[in-house]
Amino acid sequence: MENDQIIKLWEEFAEGKDFKLNPDTKIVQALAEGVLKNEKNKGFRFCPCRLGDGSHEKNVDLLCPCNFIIHSTWKDKGRCWCGLFVKRE
Ligand code: SF4
C-alpha cells in the first residue's frame, strides 16, 4: 500500500465524524510513512509515535486508527496523540 492509499482510507474513516485529518499534509505524510513502515516490519499498522509492551492488549491499542478519543491530547488539544486526526471546528 502507498501513502496516498492509506491517507484516503483515513479520510473515509473520518467522514461524518467530529474529527478530520490534520490539514498539515507534512504531518499526515510522515505518519502514513511510519504506519506503513510498521506494517512492513512488524506486520501490523501500528501507531508510529507510541510504544507497546509486546502484550496483545497493548498491541491492539496501537493499531492505527486507534481509540484516540480516550487520549488526554484529545480532551486537552482536540487531536490524537500523534496529531493525525484533529477535531472539526
Ligand atoms: S494516536 Fe493517531 S496516529 Fe497514533 S494510532 Fe492513534 S490515530 Fe493513529
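Use the structure listed above.
Rules and cut-offs
- Residues numbered from 1 in each chain as written.
- Predicted model: local features only at pLDDT ≥ 70, side-chain atom pairs only at ≥ 80, totals over all residues.
- Helix = DSSP H or I, 4+ residues; strand = E, 2+ residues; numbered from the N terminus.
- Rg over C-alpha atoms; globule rule 2.2 N^0.38 Å.
- Near = placed C-beta within 6 Å.
- Nonpolar A, V, L, I, M, F, W, Y, C, P; charged D, E, K, R; others polar.
- Expected span 1.5 Å × (residues − 1).
- Buried ≥ 20, exposed ≤ 12 C-beta atoms within 10 Å, placed from the backbone.
- Arc of directions from axis to C-beta.
- Contact = placed C-beta atoms within 7 Å.
- Axes fitted to C-alpha atoms, helices over the stretch in contact; angles between N-to-C directions.
- Parallel < 35°, antiparallel > 145°, perpendicular 65-115°, else oblique.

As for the overall build of the protein
- Of the regular secondary structure elements, the protein holds four helices and two strands.
- Starting at the N terminus and walking to the C terminus, you meet the elements of the protein as α-β-α-α-α-β.
- In summary, the protein has a C-alpha radius of gyration of 13 Å against a globular reference of 12 Å for 89 residues, a match within 12%.
- Across its three principal axes, the protein shows a C-alpha extent of roughly 35 × 30 × 20 Å.

Considerations on the site of the ligand
- Taken together, Leu31, Cys47, Cys49, Cys64, Pro65, Cys66, Phe68, Cys80, Trp81, Cys82, Leu84 and Phe85 make up the full set of residues adjacent to the ligand.
- Residue composition of the shell around the ligand, by class: 12 nonpolar, no polar and no charged.

Side note on unusual backbone geometry
- Of the consecutive residues Cys64 and Pro65, the connecting peptide bond is found in the cis state with omega at 0 degrees.
- Structurally, the position occupied by Pro65 is in the loop between α3 (56–61) and α4 (72–77).

Points about helix α1 (residues 3–14)
- For α1, spanning 12 residues, the distance from its first C-alpha to its last is 17 Å, which sits close to the expected 16 Å at 1.5 Å a residue.
- Positive phi shows up at Gly16, right after α1, with a value of about 75 degrees.

Quick word on helix α2 (residues 25–42)
- In a regular helix each residue adds 1.5 Å, so 18 residues correspond to 26 Å; α2 covers 25 Å between its end C-alpha atoms and thus fits that length.
- For α2, the complete set of buried residues consists of Val28, Leu31, Ala32 and Val35. All buried residues of α2 project into a common sector of 105 degrees when viewed along the axis, lining one side. Residues of α2 that are exposed and point more than 90 degrees away from the buried face comprise Lys26, Lys40 and Asn41.
- Against α1 and β1 (19–21) lie the buried residues of α2.

Thoughts on the environment of Ile27
- Here Ile27 lies in helix α2.
- Taking the C-alpha atoms as reference points, Ile27 and Lys17, 10 residues apart in sequence, are found 20 Å from one another.
- Every residue in contact with Ile27, bar those within four places of it in the chain, is listed here: Asn22 and Gly83.

Examining the packing of α1 against α2
- As a packed pair, α1 and α2 sit with axes 9 Å apart at the nearest point and diverge in direction by 105 degrees. The pairing of α1 with α2 is recorded here as roughly perpendicular in orientation. Residues Asn3, Ile6 and Ile7 of α1 lie in contact with α2, whose contacting residues are Val28, Gln29, Ala32, Glu33, Val35 and Leu36.
- Partitioning the contact of α1 with α2 into residue classes produces six nonpolar, two polar and one charged.

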